[in-house]
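If you want the building blocks of each chain, they are given just below.
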Amino acid sequence: MDPVSAFDEPLKKLLGGATAKVMADHLDLHTVGDLLHHYPRRYEERGRLTALTDLPLDEHVTVVAQVADARVMTFNGGRGKRLEVTLTDGHGRLQLVFFGHGVHKPHKELLPGRRAMFAGKASVFNRKMQLAHPTYQLLDAELTDEAGATEAVDAFAGKLLPIYPACKQLDSWRIAKAVDAVLPSAQEAVDPLPPALREGRGFTALPEALLKIHRPHTKADVAAARDRLKWDEAFVLQVALARRRYADTQLPAVARRPVPGGLLDAFDATLPFTLTDGQLKVSKEIFDDLATEHPMHRLLQGEVGSGKTMVALRAMLATVDAGGQAAMLAPTEVLAQQHHRSITEMMGELAEGGMLGGADQGTKVVLLTGSMGMPARRQALLDLVTGEAGIVIGTHALIEDKVKFHELGLVVVDEQHRFGVEQRDALRSKGKQPPHLLVMTATPIPRTVAMTVFGDLETSVLDQLPAGRSPIASHVVPAKDKPHFLSRAWERVREEVDNGHQAYVVCPRIGDDEDEAAGKKGKKTAEEEAEKRPPLAVLEIAEQLAKGPLTGLRIEVLHGRMHPDEKDDVMRRFAAGQVDVLVATTVIEVGVNVPNATAMVIMDADRFGVSQLHQLRGRVGRGSAPGLCLLVSEAHEASPARARLSAVAATLDGFELSRIDLEERREGDVLGRAQSGVRSSLRVLSVIDDEEVIAAARAEAVEVVAADPELEHLPELRLVLDALLDKEREEYLDKG
């Protein structure tokens, strides 16, 4: 059989239509190769019981445990039956429940003392962890008469029991059976590693690694297989990225060098402060890239408030000096307007080129957003096509076909993670030749993630805060356990306002009829209602504060459903100090800059991610007065949510927090798949734990691609790459 076709064989040929359909629909597994790369999540040892104490909630789990107790209860005056089974592993206990007609078989089989594998979704009922209607497979050797039990025991006796990422419709042991059916095809695996690299690093052959990961005899088997498979993943991904970087260096671009005595020099001369060492270092990296005749592709990561906009603006001015235009793409209208305002303020008369009172070497800075009125829009488009405007700041309205540039030289993308690759490329295609690209993010990204997710970009890091920035004190406010702490929080806000400062109050939800209707779907028990009350809402909290603890203060709201002009008006008045307290959703998360705002209260803080909290907090302490951030939460003191908030309160280091965030979300999300991690493109490689592997694979990949960009001498590697980089994965790699 041809090696590729063995792995490309559709699963329905080997497993039958019904199983194949479940695998395709719920686990995204379609071919023999997909299933062979669906590795066990962990392994149970025969005779060792699973720890029931740390089951993840709301996830599909598989446990091996012993029945401690089983009893049938009746309800509804004896008309309804419920079987309650208690499992134990010597440390924790777990409740199983079966209802109605489903109680007969388990009642006969799940007798105290029996061991079995159980699979189901873990939930909490009456404060106890339980599985409702789990499927199970008995594992007791003496039950020879039970169909399939002996077989199961023989198959697993003395071996490590693989536990696969499963779903409600397909248990781990059924997946194991399916893997058995396709395992012979592992012999035909195409090995992507160049032989010299494989031998040099002493790796197991790929077919053997696949065999060992699915059916290990010892823990050493698992370790050897994982080492090998991790390398494959890291190496193939890094070769793909290295080839993309190589292809970019082959594209032509116009070199843009700053002109002595030009716009950049004039701007630098007006700066009332000196740039930090970090800003100078990063600017040099950018200017060196701009001076080359192939497009710059650089990621600029900067801590909240580290002065990224200043660095980007200087790159834009250098581009204008060199006869090009620069476009800055922002994810929201609020942010585009904010950038336009701060850049025109920073540039002063240099932003009024061609206007009365404008500087001679100035240029026009225009704004382009979807909600602009027709006349202003027409004028902006005209300024762009004639080259009158050297700098344009806008939302994705910049990408529309109607927008034409005179000579686009540089594209700056703010908050990259909010743009798809198509949007990035659509803007880049507006240049006569590919423009230079600078991508900015205020979400610090651990080095390994930068190497995998943004691996087609060179990286610059700004980790120094400009002089005059104040520290931010952060505290968790446990609203449920200590209500007086919340009262004190509002007193603190009032004190800040009395001292001439302003404050933000952030809520997870807007709160209006539309939200309420969504919340009323489906009846819930009182307990569920208490557990899952809807998140606090801007409109409600603003009203409560105005009538209660903050009465008399000037309070305004800001959220995404307001008309853009209304949003801009509120932001302008807040920036001008005409509003004391702004109650907002996360529309203020990125880029909003009001130095006089010193306090922030985040309601239901446990409903936000770590990086998001860090971003939000970065809106205060932007002036000379110290910042205060209060994280209000009703989460229980011992809960993971509270631990997360305490971590945010304990450090201002975004890189440290991004690591915590990553460990919490694992890789599924980071790599663009918000699916429960069942199938992100990385299966054994962890961007958290495998920094050395990723760095070493990157170095090897760069060498391989430099020596043979088309991989002509490595046909196996090329085959595997082509399989990995089908259209969807290509886009995923470009990482919008």
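In case you missed it, the structure is sitting above this.
Residues numbered from 1 in each chain as written. Predicted model: local features only at pLDDT ≥ 70, side-chain atom pairs only at ≥ 80, totals over all residues. Heavy atoms only, no water.

With respect to the overall build of the protein
Part 1 of the reasoning: Secondary structure assignment for the protein yields 28 helices and 21 strands.
Part 2 of the reasoning: The burial tally for the protein puts 54% of its 736 residues in the buried class.
Part 3 of the reasoning: The long-range share in the protein, meaning contacts at least 24 apart out of those at least 6 apart in sequence, stands at 73%.
Part 4 of the reasoning: Accessible surface for the protein amounts to roughly 32,500 Å². Of this, 52% is attributable to carbon and sulfur atoms. (Helix = DSSP H or I, 4+ residues; strand = E, 2+ residues; numbered from the N terminus. Buried < 20%, exposed > 50% of the residue type's maximum accessible area, 1.4 Å probe, protein only. Contact = heavy atoms within 4.5 Å. Areas by Shrake-Rupley, 256 points an atom, 1.4 Å probe, with all protein chains shown as cover.)

Points about the sheet that holds strand β21 (residues 627–633)
Part 1 of the reasoning: The strand order across the open sheet formed by six strands is β16-β21-β20-β17-β19-β18, and the pairing between neighbours is parallel. Since the sheet does not close on itself, it has two edges, and those belong to β16 (472–478) and β18 (555–558), each with one partner. Strand-to-strand, the axes of this sheet are offset by a mean angle of 20 degrees, without reference to chain direction.
Part 2 of the reasoning: Sitting on the sheet, helix α22 (residues 564–575) touches β17 (502–506), β18, β19 (581–584) and β20 (597–602), and the angle it makes with β18 is about 140 degrees.
Part 3 of the reasoning: The sheet contacts of helix α24 (residues 640–650) involve β16 and β21, and relative to β16 the element is tilted by about 160 degrees. (Pairing = 2+ DSSP bridges. Axes fitted to C-alpha atoms, helices over the stretch in contact; angles between N-to-C directions.)

Things to note about the side chain of D89
Part 1 of the reasoning: Tracing the backbone shows D89 in the loop between β3 (80–88) and β4 (93–99).
Part 2 of the reasoning: Salt bridges are absent for the buried D89, whose nearest opposite-charge side chain, R93, sits at 8.1 Å.
Part 3 of the reasoning: Within the structure, D89 has its side chain in polar contact with the backbone nitrogen of G92 (distance 2.7 Å). (Lys, Arg positive; Asp, Glu negative; His and termini not counted. Salt bridge = Lys/Arg side-chain N within 4 Å of Asp/Glu carboxyl O. Polar contact = N/O pair within 3.5 Å; in protein donor to acceptor, adjacent residues only side chain to side chain.)

Some details on the packing of helix α11 (residues 263–270) against helix α13 (residues 308–321)
Part 1 of the reasoning: Where α11 meets α13, the closest approach of the two axes is 8 Å, and the angle between their N-to-C directions is 145 degrees. Here L263, L264, F267 and D268 of α11 lie close against α13, whose contacting residues are M310, L313, R314, L317, A318, V320 and D321.
Part 2 of the reasoning: Split into classes, the residues belonging to the contact of α11 with α13 amount to eight nonpolar, no polar and three charged. (Nonpolar A, V, L, I, M, F, W, Y, C, P; charged D, E, K, R; others polar.)

Considerations on the sheet that holds strand β9 (residues 297–302)
The strands making up a sheet associate through backbone hydrogen bonding, with each pair oriented either parallel or antiparallel.
Part 1 of the reasoning: A sheet is described by the order of its strands in space; here seven strands give the open sequence β11-β12-β10-β13-β14-β9-β15, paired in parallel fashion. Both edges of this open sheet fall to β11 (364–368) and β15 (458–462), since each of them pairs with a single strand only. Within the sheet, the average angular offset between the axes of one strand and its neighbour, ignoring direction, is 20 degrees.
Part 2 of the reasoning: In the sheet, strand β13 (residues 408–414) pairs with strand β14 (residues 436–441) via five bridges, with the strands oriented parallel. Bridge pairing links V413 to V439 in β14.
Part 3 of the reasoning: Lying on the sheet, α13 is in contact with β9, β10 (325–329), β12 (389–394), β13, β14 and β15; it crosses β13 at an angle near 170 degrees.

Some points on the environment of L161
Part 1 of the reasoning: The residue L161 is located in strand β8 (residues 160–163) in this model.
Part 2 of the reasoning: The exposure class assigned to L161 is buried, which follows from its relative accessible area of 2%.
Part 3 of the reasoning: A C-alpha to C-alpha distance of 4.8 Å links L161 and E44, two positions 117 residues apart in sequence.

Here's the deal with the pattern of salt bridges
Part 1 of the reasoning: Enumeration over the complete set of coordinates arrives at 35 salt bridges.
Part 2 of the reasoning: Residue R554 pairs with D580 through a salt bridge whose shortest N-O separation is 3.0 Å. Here R554 is found in the loop between α21 (538–547) and β18, whereas its partner D580 is found in the loop between α22 and β19, with 26 residues between them in sequence.
Part 3 of the reasoning: A salt bridge links R607 to D604, with the nearest nitrogen and oxygen atoms 3.7 Å apart.
Part 4 of the reasoning: Residue R607 is classed as partly exposed on the basis of its relative accessible area of 37%.

Some remarks on the nonpolar core
Part 1 of the reasoning: Membership of the largest hydrophobic core comes to 39 residues, with the highest contact counts inside it found for M347, I391 and L410.
Part 2 of the reasoning: With nine residues, α13 is the single largest residue contributor to this core.
Part 3 of the reasoning: I391 has contacts with L313, M316, L317, V320, A326, M347, K364, V365 and V366, leaving out every residue within four places of it along the chain.
Part 4 of the reasoning: Core analysis: the second largest hydrophobic core is formed by 33 residues, L29, Y39, L206 and L229 among them. (Core = buried A, V, L, I, M, F, W, Y, C linked by side-chain atoms within 4.5 Å.)

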